[in-house]
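Listed here are the chains, written in short residue letters.
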Amino acid sequence: MGGTFQIDFGHKKPRRVIGIDLGTTNSLAAVMEASAPKVIPGADGGKLVPSVVSISPGGEIAVGNPARELLLTQPERTVYSVKRLMGRGIADVEDELKLFPFRIAEGSESVIRLVVGEHILTPPEISALILRQLKKNAEAYLGEEIAQAVITVPAYFNDAQRQATKDAGRIAGLEVLRLVNEPTAAALAYGLDKRKEGIVAVYDLGGGTFDISILKLHEGIFEVLATNGDTHLGGDDIDNLLLRIALEDVASEWGQDVSGDHEAVQRLRRAVIQAKEELSFVPFTHIEVEYRGRHYRRRIDRELFDRLITPIVDRTLGPCRNAMLDAGVKPEDIDEVVLVGGSTRIPLVRSAVEKLFRARPHTELNPDEVVALGAAVQAAILSGDVEDKLLLDVTPLSLGIETMGGVVSKLIHRNSTIPASAAETFTTAVDGQRNVLIHVVQGERELAKDCRSLARFDLKDIEPLPAGMARIEVRFLIDANGILNVTARDLRTGKEQSVEVKPSYGLTEEQVEAMIVESFELAEADFKERQLREARVEADTILAAVDKARQSDAWFELSEQERASIDEEVNKLLLVYHAGDHLMIRNQIDALNQATLKLAEIMMNAAVRGALKGTKI
Amino acid sequence: MNACWQCGSEQGESLFCKLCNALQRPTPDYYRFFGIPKKLAIDTGDLQRRFYEMSRILHPDRFLRRAPTEQQYSLEATSILNDGYRVLRDPVSRAEYILKEAGFDIGEQRSKNVPPELLEEVFELNMALEELRGGEEGVRPRLEEARRQFLSMRAEIDSEMERLFRKYDETGERAVLGEIRDLLNRRTYIRNLIVEVDKELGI
C-alpha cells in the first residue's frame, strides 16, 4: 500500500494540463506559463480556432479557418455552431434547425446525428475534432504530449450538456480533469482575488449562450453565490436577425429568394457579421455582398442596429436580476463587473450592463480569450502549481425526481455549492417487486414534463419482499463538474444496490467507447489523405523533371526502347495518380525512377562536363 | 474509533490520519463534521470561517494527484461540507435537521393546515386575492397591508424561535423541540402566504 507522502518519480515531470474554451463560434487553448496564463497559438499563428469542421470526400478533416473557408464552397460537408446541439434531443432544437443549416440524419431520436459529407457524426464527435485540433496545436507549441485538459462550459449548461462535453474530450483523447463554468473561469483570469473581499458579477454573452454569475471573493476563494442564464441566446441571434433583413432586401432587390442557396446565405451571413463587428467601433457601415455578378449594399447605422438588438439585449437582464435575487445582493452591493464573450464588445450591451449593475465593467482582457486563460489557471490549480486560489461553484438548475402524479420533488436546489448531495429512500409498491424505476429531472418547474429529463435509473435485483418492506437508499451526488452521480444501497442488508442508468439525451458508455475507436479511424483517414497528397506532390515533381528532360540532349542519347519504357512508366503513373492509394503512386514513382536511371546518369555527366567547361548545358 | 484505511492506526475524530496524513472517511453528522457542539443557536460567523478553511483543504481540486480512495473521500467530505453549511447557516433548516434527528415528523403536510388563530385573516386574504385576480385593482392596498402584517408575524416568529433555541440548548428538553416544531409549521404557513401575495402583487 502506498504512503500518502507518495514518492514523486523525480525524473518524470508531471505532464502539463491545458485549459480549453470550447466555444460556439471560436475555440482556443491556453496554458499556465511561469506566472500568468497564455493563449496557445495555432500553426497559422492565430489564437482563435473557429469552431467549424469540414470533412472532404477523401475523409480529410479541416478544422478552424480552413474549414471556415470551405463553409462557402462546400457547405454540405461543413458544420459550425455545433455547441448548440450538445447534449440536446431532437425536440429541443427545432428552432435551431430553422436558423442553422444542420442536416439531421435519420435515427436521431435519442442522440442527434448530423450528416457531414459522407459521414454521420454526433455533436460530441464533431466537438472532439475541434478539441483534437487544439490538442495538436498545444503539442506543437509546447513540444510535449498533452493528455489532460480543463474544458469550460456555459454555467447554465445542464447535466446532459456537460456530459456531452466530457464525452467530446474523451473521444478526442483528452482526460477531462474538470469542467469549469465559463464566467467563473473568467473571474479567475482577471485575478480579482487581489482585492481580498468583494462581490463580482460576470456577464458572459458569447456566440450562442448567455451566462450571468455572481461571485463572492474571500482571500483567494471564488465562491459563486448564484448563476443564471440562457443557453440559447448570443451573438448568433443578432446575426440571424440581420441576416433575415438582408435576405428580405435581396429578395426584393434581385427579385429572387436566395434563402435556399447555401453559398449565398453564407456570404450574406459573413457580410452581416462583419457589419455587426464594425458597428462596435464606427457609427455606421454597410452590409455588402457580391454574388454571381450581383451586388447588394445596405447602409446600417448604430442607432438602427441598437433598435434592432434591444430585444435581444433585454433578454439578458431578467436572468441578471434573478441571479442577484438568488445571491441575496442588490445592484449597489456589486463591486466589480467583468465582461466576457465577443458580443460584449457591442456598445449597447456595455451600457445596459453598466446601467443595471451601476458599475463600470472590466474590459482589460480580451473578451474572446479570458475564458481560456481562466481555464488554464484552473488547470494549474488542479496540477498543484497554484495553491492560493480555489473555485467554489454551484449547480445552475434544481435536481429532482418525478413522484406521484408527475410532480417533481426537489432534492438539490439550484445555486447549491457543488459537490452537493441528497439521499432519498425508496420502497416497492407490490409484493415481490424486483425493480424500481426513478426518473431524475433538472429544472425549476413543478411538473416533471416541464423539466428537463436527465435519466431513468433502474434499481435492479431488489430482494423480493412484501410491498413496502424493501428500503433502498438512493444517493444523488452532483460532483465538482456539475455532473450527477447516483449510487444506491439496500438499507436492510447494507449492500450496494445495482443501478442501471438510461440517459434521456446523450450517449451511453458503450457508444462513447465505440466513438473513441471510430475517431482513430477518422484520424487514420486524415492521415491517409495527407500521405496521398504528399505522394502526388512527389509524382508532380518527377513528372515535371521528365518533361523537362525531353527537351535536353540527354533524351536523344537514349535508345528508342529506353525512351519507350520511360513513356510507358509515365503513363502508368498518370493512371494511378488519381486513384486514392498513395502506395500505388509511390510504387509507380519508384518504377519511373528505375526507368529513368540511365537518363539521369547521362544528364548528370553532361552537367559535370558542362560545369568543368564553365558553360551551362 | 475507526482504524485508518491506509496505515491501520487508530483514529479519533480528525479528518486526516495523524500518522500517515491520509484523508479519512468523513462523518455524515454535520455538527461533528464541522467540529462544533450540537446547539440550535450557533455562531454563523464562526461556521463560515470553518467552511472556507475546510473547503481549502478538502476540495476535490486538491486531491487530483492523490490516491483514488482519498479522491473519493474528498468528494464525499466536500459534499457533506457544502450540504452541512447550507443546512446549518439557516436557522430554519438547522432546526429541521435537529428535529429530524430527534425523530420528529417535519413533513410539509402539517404546515398546510391553517393555524386556528389565523383563520379569519386567511379567509380575508383569499377573498382579496380572488378579487385581484378578477381584475379588481382596488384591493391592492388591502393586500399590501396584509403583506406587512404577515411579514411582522414572521419576524415575531423568528425572534420567538431564537428564544426557544436558547431554551433548548440550556435545558435539552424534548418538549421545547415540540414547541419549535409547531412554530416552524406556523412559519412555513405564513411564508407560503407571503409568497402567494408577492406573486399576485408582482413583487
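Here, every reference points to the structure presented above.
As a starting point, this report considers the structure included with it.

Thresholds, definitions, all that
- Residues numbered from 1 in each chain as written.
- Chains lettered and ligands numbered in written order.
- Predicted model: local features only at pLDDT ≥ 70, side-chain atom pairs only at ≥ 80, totals over all residues.
- Heavy atoms only, no water.
- Helix = DSSP H or I, 4+ residues; strand = E, 2+ residues; numbered from the N terminus.
- Rg over C-alpha atoms; globule rule 2.2 N^0.38 Å.
- Phe/Tyr/Trp six-rings, centres within 6.5 Å; stacked < 30°, edge-to-face > 60°.
- Buried < 20%, exposed > 50% of the residue type's maximum accessible area, 1.4 Å probe, protein only.
- Core = buried A, V, L, I, M, F, W, Y, C linked by side-chain atoms within 4.5 Å.
- Contact = heavy atoms within 4.5 Å.
- Polar contact = N/O pair within 3.5 Å; in protein donor to acceptor, adjacent residues only side chain to side chain.
- Expected span 1.5 Å × (residues − 1).
- Pairing = 2+ DSSP bridges.
- Axes fitted to C-alpha atoms, helices over the stretch in contact; angles between N-to-C directions.
- Salt bridge = Lys/Arg side-chain N within 4 Å of Asp/Glu carboxyl O.
- Bend = angle between axes of the 7 residues up to and from the residue.
- Buried area = accessible area lost by both parts, 1.4 Å probe.

Attention shifts here to the overall build of chain B. What chain B contains, in helices and strands, is seven helices and zero strands. Sequence-ordered secondary structure for chain B, helices as α and strands as β, is α-α-α-α-α-α-α. Here the C-alpha atoms of chain B give a radius of gyration of 23 Å, more than 25% beyond the 17 Å that 2.2 N^0.38 yields for 203 residues. Principal-axis analysis of the C-alpha atoms places the extent of chain B at approximately 75 × 40 × 30 Å.

Residue and element names in this part refer to chain B. Overall, the coordinates contain seven aromatic pairs over all chains when judged by the stated rule. With centroids separated by 6.1 Å and ring planes inclined at 80 degrees, the aromatic side chains of F33 and F34 adopt a geometry described as edge-to-face. Note on accessibility: F33 and F34 belong to one class, buried. Taking the centre distance of 4.0 Å and the plane angle of 10 degrees together, the rings of F51 and Y85 count as stacked.

Let us now look at the nonpolar core. If you look at the biggest cluster of nonpolar residues, it comprises 58 residues, and the most contacted ones within it are F34(B), L88(B) and I180(B). Counting residues per element, the ones that place at least two in this core are strand 18 (390-392) of chain A together with helix 1 (30-34), helix 2 (44-58), helix 3 (68-89), helix 4 (91-101), helix 5 (119-133), helix 6 (140-171) and helix 7 (174-201) of chain B. The greatest single-element share of this core, amounting to 11 residues, is contributed by helix 7 of chain B. When near neighbours in sequence (up to four residues on either side) are disregarded, I180(B) contacts L40(B), A95(B), L99(B), L164(B) and F165(B).

This part covers the environment of S74(B). Along the chain, S74(B) turns up in helix 3. From its side chain, S74(B) meets the backbone oxygen of L58(B) in a polar contact 3.0 Å long.

This part covers helix 6 of chain B. Residue and element names in this part refer to chain B. With 32 residues, helix 6 ought to run about 46 Å at 1.5 Å a step, and its terminal C-alpha atoms sit 46 Å apart, in line with that. Within the sequence span of helix 6, burial applies to L143, A146, F150, M153, I157, M161, L164, F165, Y168 and D169. Contacts made by the buried residues of helix 6 are with helix 4, helix 5 and helix 7. Just downstream of helix 6, G172 is the residue with a positive phi angle, here 70 degrees.

Residue and element names in this part refer to chain A. If you trace the five strands from one edge of the open sheet to the other, you get 17-12-13-14-18, paired in mixed fashion. Only two strands of the sheet have a single neighbouring strand rather than two, namely strand 17 (336-340) and strand 18. Going across the sheet, the axis of each strand differs from the next one's by a mean of 25 degrees, ignoring polarity. Bridge count between strand 14 (residues 221-230) and strand 18: three bridges; the pairing is parallel. Within strand 18, the residue paired with E223 across the bridge is L392.

The final tally for this structure, using the stated rule, is 55 salt bridges over all chains. One salt bridge connects E144(A) with R16(A), and the closest N-O pair in it is separated by 3.3 Å. One end of the pair, E144(A), is in the loop between helix 3 (123-142) and strand 10 (148-153); the other, R16(A), is in the segment before strand 1 (17-22), and 128 residues separate them in sequence. In this structure, R163(B) and E160(B) form a salt bridge, with 2.9 Å as the shortest nitrogen-oxygen distance. Taken together, the positions of R163(B) and E160(B), both in helix 6 and three residues apart, correspond to about one turn of that helix. Put simply, D261(A), E263(A), R267(A) and R292(A) are held in one network by salt bridges that share partners.

Residue and element names in this part refer to chain A. The strand order 21-24-25-26 describes an open sheet built from four strands, whose pairing is antiparallel. Since the sheet does not close on itself, it has two edges, and those belong to strand 21 (420-426) and strand 26 (496-497), each with one partner. Pairing of strand 24 (residues 472-478) with strand 25 (residues 484-490) involves seven bridges; the strand directions are antiparallel. In the strand pairing of strand 25, E473 is matched with R489.

Our focus in this paragraph is the pairing of strand 22 (residues 436-442) of chain A. Residue and element names in this part refer to chain A. Counting buried residues along strand 22, six of its seven residues qualify, which places the element largely inside the surrounding structure. Where strand 22 meets strand 23 (residues 452-459), seven bridges bridge the pair, whose relative direction is antiparallel. Counted as the bridge partner of Q442 is R452 from strand 23.

Another aspect to go through is helix 8 (residues 302-314) of chain A. Residue and element names in this part refer to chain A. Taking 1.5 Å per residue as the helical rise, helix 8 with its 13 residues ought to reach 18 Å, and the 17 Å between its terminal C-alpha atoms agrees with that figure. At L308, helix 8 is bent by approximately 40 degrees, the largest bend along its length, and proline P311 sits one to four residues beyond. The complete set of buried residues in helix 8 reads F305, D306, I309, I312 and V313. Next to the buried residues of helix 8 lie helix 6 (235-254), helix 7 (262-278), strand 16 (294-301), helix 9 (317-327) and helix 10 (347-357).

Quick look at the interface of chain B and chain A now. Listed by partner, the interface residues are 26 residues for chain B and 38 residues for chain A. Taking both partners together, chain B and chain A bury about 2,500 Å²; carbon and sulfur atoms supply 49% of that area. It is Y52(B), D61(B) and R65(B) that lose the most area in chain B upon contact with chain A, and together they represent 27% of the buried surface on that side. Taken together, the links from chain B to chain A amount to one salt bridge.

All names here are of chain A. Note that the residue after I418, namely P419, is joined by a cis bond; omega there is 0 degrees. Within the secondary structure, P419 sits in the loop between strand 20 (408-412) and strand 21. Although it is not a glycine, R292 adopts a positive phi angle of roughly 45 degrees. One can find R292 in the loop between strand 15 (284-291) and strand 16.

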